[in-house]
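Tertiary structure, described
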Amino acid sequence: MAMSVGSDGGEDKPMSDINTTPLVDVMLVLLIIFLIAVPVVVQTVQLQLPKVAFEPTTTKPENVSLSITTGADGSCAVYWNLTKVSSDDLLNRAVAKLEADIKKAGGVENMTPEDLPEVHIRGDINTPYRCIGGTIYTMQRAGFPRVGFISEPEPGTSVRRL
């Protein structure tokens, strides 16, 4: 590395400017390394994620409304409307309800999947998934093809249709 000394007749002072060339060289090398390394590190499977939207619930009288919470002892508490039910009672009520609706419509051949009642589940925010998952399984086992969740939208959001 050379030093430039001024010769304008006065004192001989060394030049005090910082040489930035090595710094720029190092930064360019790092930039090239990261441009090559980032696509190698970031590998993802191409997915189309669902869009989050909510629609107002249209409640039909034949729909089943379930509420799920956790009891004081940590057990699951499922309510059919306002009546607390056990797992076996839930299955029996669900089968009886579905059979009554099919009989009322004149048989399965007179119904489409849209005519069948839906299950609307309201789950407390602190309820473990095992309680909600068990309820979904029980209702599907009873024969309900559509099980949905009732949620509270964030304040200030509007209804969007997909």
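All residue numbers refer to position in the chain's written sequence, counted from 1. Totals for whole chains, interfaces and linings use every residue, but because this is a predicted model, local features are given only for residues with pLDDT of at least 70 and side-chain atom pairs only at 80 or more, for both listing and counting. The basis for every side-chain value is the complete set of heavy atoms in the structure, and neither hydrogens nor water enter the calculation.

Things to note about the overall build of the protein chain
Counting its secondary structure elements, the protein chain contains 3 helices and 5 strands. Numbered from the N terminus, helices here are DSSP runs of H or I no shorter than four residues, and strands are runs of E no shorter than two. Written out in order from the N terminus, the α and β elements of the protein chain read α-β-β-β-α-β-α-β. In the protein chain, which comprises 162 residues, the share counted as buried stands at 19%. In this analysis, two residues are considered to be in contact whenever any of their non-hydrogen atoms come within 4.5 Å of each other. Contacts in the protein chain between residues at least 24 apart in sequence constitute 65% of all its contacts with a sequence separation of at least 6. Surface accessibility in these figures is a Shrake-Rupley result with a 1.4 Å probe; residues are shielded only by whichever protein chains are displayed. Looking at the protein chain as shown, the accessible area adds up to about 12,900 Å², and 59% of this sits on carbon and sulfur atoms. When accessible area is computed with a 1.4 Å probe and restricted to protein chains, residues below 20% of their type maximum are described as buried, those above 50% as exposed, and intermediate ones as partly exposed.

A look at the nonpolar core
To define a nonpolar core, start from buried Ala, Val, Leu, Ile, Met, Phe, Trp, Tyr and Cys residues and group those joined through side-chain atoms within 4.5 Å. Within the largest apolar cluster, 20 residues are counted, with the highest numbers of intra-cluster contacts made by Val64, Leu66, Trp80, Leu90, Val119, Met139 and Phe144. Elements that contribute at least two residues to this core include exactly strand 1 (64-70), strand 2 (76-80), helix 2 (87-105), strand 4 (119-123) and helix 3 (129-142). If you tally residues by element for this core, the top one is helix 3, at 5 residues. In this structure Leu66 touches Tyr79, Trp80, Leu90, Val119, His120, Ile121, Arg122, Thr135 and Met139, once residues within four positions along its chain are discounted.

Examining the pairing of strand 4
With 5 bridges joining them, strand 1 and strand 4 adopt parallel strand pairing. Bridge pairing in strand 4 places Val64 opposite Val119. In the sheet, strand 4 pairs with strand 5 (residues 147-149) via 3 bridges, with the strands oriented parallel. From the neighbouring strand, Val119 faces strand 5, where its bridge partner is Val147. In this region the chain leaves strand 4, passes through helix 3 and returns to the parallel neighbour strand 5; the handedness of that crossover is right-handed. Pairing between two strands is assigned when DSSP locates at least 2 bridges connecting them. Think of it like this: strands point away, you trace from the first strand over the helix to the second, and a clockwise trace means the crossover is right-handed.

Observations regarding the pattern of salt bridges
The salt bridge criterion pairs a side-chain nitrogen of Lys or Arg with a carboxyl oxygen of Asp or Glu, the two atoms within 4 Å. According to the stated counting rule, one finds 3 salt bridges in the structure shown. The partner of Asp101 in a salt bridge is Lys97, with the nearest N and O atoms 3.1 Å apart. Within this pair, Asp101 and its partner Lys97 are both found in helix 2, separated by 4 residues, close to a single helical turn. Here Glu118 ties to Arg146 by a salt bridge, and the two come within 3.2 Å at their closest N and O atoms.

Topic: the packing of helix 2 against helix 3
Between helix 2 and helix 3, the least distance of the axes is 9 Å, while the angle of their chain directions is 35°. Along this stretch, helix 2 crosses helix 3, giving a crossing that reads as right-handed. Contacts between helix 2 and helix 3 involve Ser87, Leu90, Leu91, Ala94, Val95 and Leu98 from the former and Thr135, Thr138, Met139, Arg141 and Ala142 from the latter. Think of it as three bins: nonpolar holds Ala, Val, Leu, Ile, Met, Phe, Trp, Tyr, Cys and Pro, charged holds Asp, Glu, Lys and Arg, and polar takes everything else, Gly as well. The class makeup of the residues in the contact of helix 2 with helix 3 is 7 nonpolar, 3 polar and 1 charged. Fitted lines through C-alpha atoms serve as axes, helices being fitted only where they are in contact, and the angles separating the N-to-C directions of these axes extend from 0 to 180 degrees. Left-handed is the label given to a crossing in which the near helix is rotated counterclockwise from the far helix by less than a right angle, and right-handed is the label when the rotation is clockwise.

So, the state of the cysteines
Simply put, the disulfide is a covalent bond whose two ends are the sulfur atoms of two cysteines. Note on terminology: disulfide denotes any pair of cysteine sulfur atoms within 2.5 Å. Applying the stated criterion across every chain, the model contains 1 disulfide. Each disulfide pairs two cysteine sulfurs, and for Cys76 the partner residue is Cys131, the sulfurs being separated by 1.9 Å. Its S-S torsion of about -75° marks the bond between Cys76 and Cys131 as left-handed, since a negative value means left-handed. Of the two residues, Cys76 is situated in strand 2 and Cys131 in helix 3; the sequence distance between them amounts to 55 residues.

Describing the environment of Asn126
Considering the arrangement of structural elements, one finds Asn126 in the loop between strand 4 and helix 3. Taking relative accessible area as the criterion, Asn126 reaches 63% and is therefore assigned exposed. Distance in space between the C-alpha atoms of Asn126 and Thr70 is 7.6 Å, their sequence separation being 56 residues.

Focus on the pairing of strand 2
Here 5 bridges tie strand 1 to strand 2, and the two strands are oriented antiparallel to one another. By the bridge assignment for strand 2, Thr69 is matched with Ala77. Adjacent in sequence and paired antiparallel, strand 1 and strand 2 are bridged by 5 residues, among which Gly74 carries a positive phi angle near 90°. As paired strands, strand 2 and strand 3 (residues 83-85) are joined by 3 bridges and run antiparallel to one another. Of the residues in strand 3, the one forming a bridge with Tyr79 is Lys84. Hairpin remark: strand 2 followed by strand 3, antiparallel, with 2 residues in the connecting loop; positive phi at Asn81, about 55°.

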